[in-house]
Amino acid sequence: MKYPLQTLLAITLAIVASACQEQAPAKADEASAPETAVISGTVSYRERIALSDQAELLVTLEDVSRQDVAATVIARQTIADPGQVPIRFELSYAPADIDERMSYSLRAKIQDRGRLMFTSDTHTPVLTRGAGREAHIMLVAVQRPAVEPTAAATEEPGMELEGMFRYMADAALFRDCRSGKSFPVAMEGAYIELERAYLNSGIDAGSEVMVRLRGRYLERPAMEGNRNEVKLIVDKLEKIDPQNTCAPTDHAELQNTYWKLLELDGKPVVTPEGMREAHIVLATDGSSARGHAGCNNFFGTFQATEDKLTFSALGSTMMACPEGMDTEQAFLQALGETTRFEISGQFLTLFADDRRLARLEAVYL
């Protein structure tokens, strides 16, 4: 019985060793599986509303497989002071929590100073059923209460101001009659009253109308880029006066003036941080034009007689930039389409016949 027992023991040990060898690759595979993965993308909204430095973005990954029960949150990311849209995010999750048979979606919301401003109203599929790990979430604005106290309502009204107001493409601008300078108008305080009066005045959209109001110039977050800019805060609208205008008495010269680009097709031009501003200078000793288009320097020739103005032979350097290329293309196109100009005070407006192309401001260096 001794030898058969030894033989049986040897066979048993061999079977155990074989099983261990078979399990080793599986453990190795498990060890190589990543513990976390990332879903990346952007969050945006269509309204031209700037976020304050107290804003907060929340992005969640949810299991939405079952329609009759609340979605299960798989992962979440909170971004404080996210800047302005589009806001990039990178949401980490555990692949082990994902079942290829299920459906998953991203949701997001933005709160600013404790109030819900924007939220998802549709699912954004990710990970399974043909969806990937890159997503772009479009939020919708949350309607404000009919009556909402504002900071301006609790403060003394600002100084008396008179100027030209216009509203176009969701952007509002105020040109101060005293200084001739233009300022974006913040959508707070009594702004909505001013906008309604403008829209009901019968003036063509995008045209200027004189207004008298009380307000203040304060720093607010810019619409683009993580920075502040000076904006007009409207405390009280006193009068809208379509019959008058504040035409300045001193006008800049077309030639030998540094003209800084302010607007293209009615939309404000924002210079990216660390980059040169777009501008043009028309020489007095001939017909040469030169400037900076947003990324590259440009050059060309011009002809000006009375209010007529055309540009030709426009060329530029060929550098590629991470930002500013869209502005450059639009600016050079506007110059190529220009047929006439108007100078009012320190502002130059370029037209293609009656269509407004661009607006520039004289800067004295």
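In this report, the structure presented in the accompanying data block is examined. (Residues numbered from 1 in each chain as written. Predicted model: local features only at pLDDT ≥ 70, side-chain atom pairs only at ≥ 80, totals over all residues. Heavy atoms only, no water.)

With that settled, consider unusual backbone geometry. Trans is the common state for peptide bonds, and a negative phi is the common state for residues other than glycine. A cis amide bond links Val85 with the next residue in sequence, Pro86, at an omega value of 0°. Along the chain, the position of Pro86 falls in the loop between strand E3 (72–80) and strand E4 (87–93). Positive phi, close to 55°, is recorded for Asp265, a residue that is not glycine. Along the chain, Asp265 turns up in the loop between strand E14 (258–264) and strand E15 (267–268). Positive phi, normally seen in glycine, also occurs at Glu306, with a value near 55°. Mapped onto the elements of the fold, Glu306 is located in the loop between strand E18 (297–305) and strand E19 (308–316). Among the residues examined, Glu306 registers a relative accessible area of 78% and is labelled exposed. (Helix = DSSP H or I, 4+ residues; strand = E, 2+ residues; numbered from the N terminus. Buried < 20%, exposed > 50% of the residue type's maximum accessible area, 1.4 Å probe, protein only.)

Take the sheet that holds strand E13 (residues 228–241) next. With antiparallel pairing, the 5 strands of this open sheet are ordered in space as E11-E10-E9-E12-E13. In this open sheet, the two edge strands, each paired with only one partner strand, are strand E11 (182–184) and E13. Taking each pair of neighbouring strands and ignoring which way they run, the sheet shows an average axis angle of 45°. The pairing of strand E12 (residues 209–221) with E13 spans 12 bridges and is classified as antiparallel. Each bridged residue has a counterpart across the sheet, and for Arg212 the counterpart in E13 is Lys239. (Pairing = 2+ DSSP bridges. Axes fitted to C-alpha atoms, helices over the stretch in contact; angles between N-to-C directions.)

This part covers empty space enclosed by the protein. Here the structure, examined in full by the defined rule, presents 4 cavities of 30 Å³ or more. Lining the largest cavity are Val269, Val270, Thr271, Pro272, Arg276, Glu277, Ala278, Gly294, Gly324 and Thr327. When the residues that make up the lining of the largest cavity are grouped by side-chain class, the tally is 4 nonpolar, 4 polar and 2 charged. (1 Å grid on protein atoms, 1.4 Å probe; cavity = no way out; pocket = protein on both sides within 12 Å on 5 of 7 lines; lining within 4 Å. Points joined across faces, edges and corners; volume = space filled by probe spheres on them. Nonpolar A, V, L, I, M, F, W, Y, C, P; charged D, E, K, R; others polar.)

Generally speaking, a soluble globular protein has its nonpolar side chains buried in company with each other. The biggest cluster of nonpolar side chains holds 27 residues, and the ones touching the most others in it are Val59, Leu61 and Leu106. The set of elements that each furnish at least two residues to this core consists of strand E1 (37–45), strand E2 (55–63), E3, E4, strand E5 (104–112), strand E6 (115–119) and strand E8 (134–141). Discounting residues that sit within four places of it in the chain, Val59 has contacts with Val43, Ala75, Arg76, Gln77, Phe89, Leu91, Leu106, Arg107, Ala108 and Ile137. (Core = buried A, V, L, I, M, F, W, Y, C linked by side-chain atoms within 4.5 Å. Contact = heavy atoms within 4.5 Å.)

This paragraph deals with the state of the cysteines. All told, the structure shown has 2 disulfides when counted by the stated rule. In this model Cys177 forms its disulfide with Cys246; the gap between the sulfur atoms is 2.1 Å. On the S-S bond that ties Cys177 to Cys246, the torsion sits near -90°, and the link is left-handed. Placement of Cys177 in the loop between strand E10 (171–176) and E11 and of Cys246 in the loop between E13 and E14 is noted, with a sequence separation of 69 residues between them. The disulfide partner of Cys295 is Cys321, and the S-S distance across this bridge is 1.9 Å. Of note, the bridge from Cys295 to Cys321 carries an S-S torsion of about 80° and is right-handed in sense. With Cys295 in the loop between strand E17 (288–292) and E18 and Cys321 in the loop between E19 and helix H3 (325–337), this pair connects stretches of sequence that are 26 residues apart. Each of the two residues, Cys295 as well as Cys321, counts as buried. Look at the protein and number its bonded cysteines as they come in the sequence; the links are 1-2, 3-4. (Disulfide = S-S within 2.5 Å.)

For the rest of this paragraph, the subject is the pairing of E18. As defined by bridge partners, E17 adjoins E18 across 5 bridges and the pair is classed as antiparallel. Bridge pairing links His292 to Asn297 in E18. Here E17 hands over to E18 after 4 residues, with Gly294 in that stretch at a positive phi of 130°. Sheet topology note: the E18/E19 ladder contains 7 bridges and is antiparallel. Within E19, the residue paired with Phe298 across the bridge is Ser316.

On to helix H2 (residues 191–199). Helical geometry: 3.6 residues make up each α-helical turn, so side chains three or four residues apart lie on a common side. Taken together, the buried positions of H2 are Tyr191, Leu194, Glu195, Ala197 and Tyr198. Along the long axis of H2, the arc covered by the buried residues comes to 165°, so they all point the same way. Residues of H2 that are exposed and point over 90 degrees away from its buried face: Arg196 and Leu199. Where H2 is buried, its residues touch strand E9 (159–168), E10, E12 and E13. (Arc of directions from axis to C-beta.)

It is worth spelling out the pairing of E6 at this point. In this sheet, E6 lies alongside E5 in antiparallel orientation, the contact comprising 4 bridges. Within E6, the position partnered with Asp112 by the bridge is Arg115. What sits between E5 and E6 in their antiparallel hairpin is a turn of 2 residues, with Arg113 showing a positive phi close to 55°.

That's the geometry; what it means functionally is another story.
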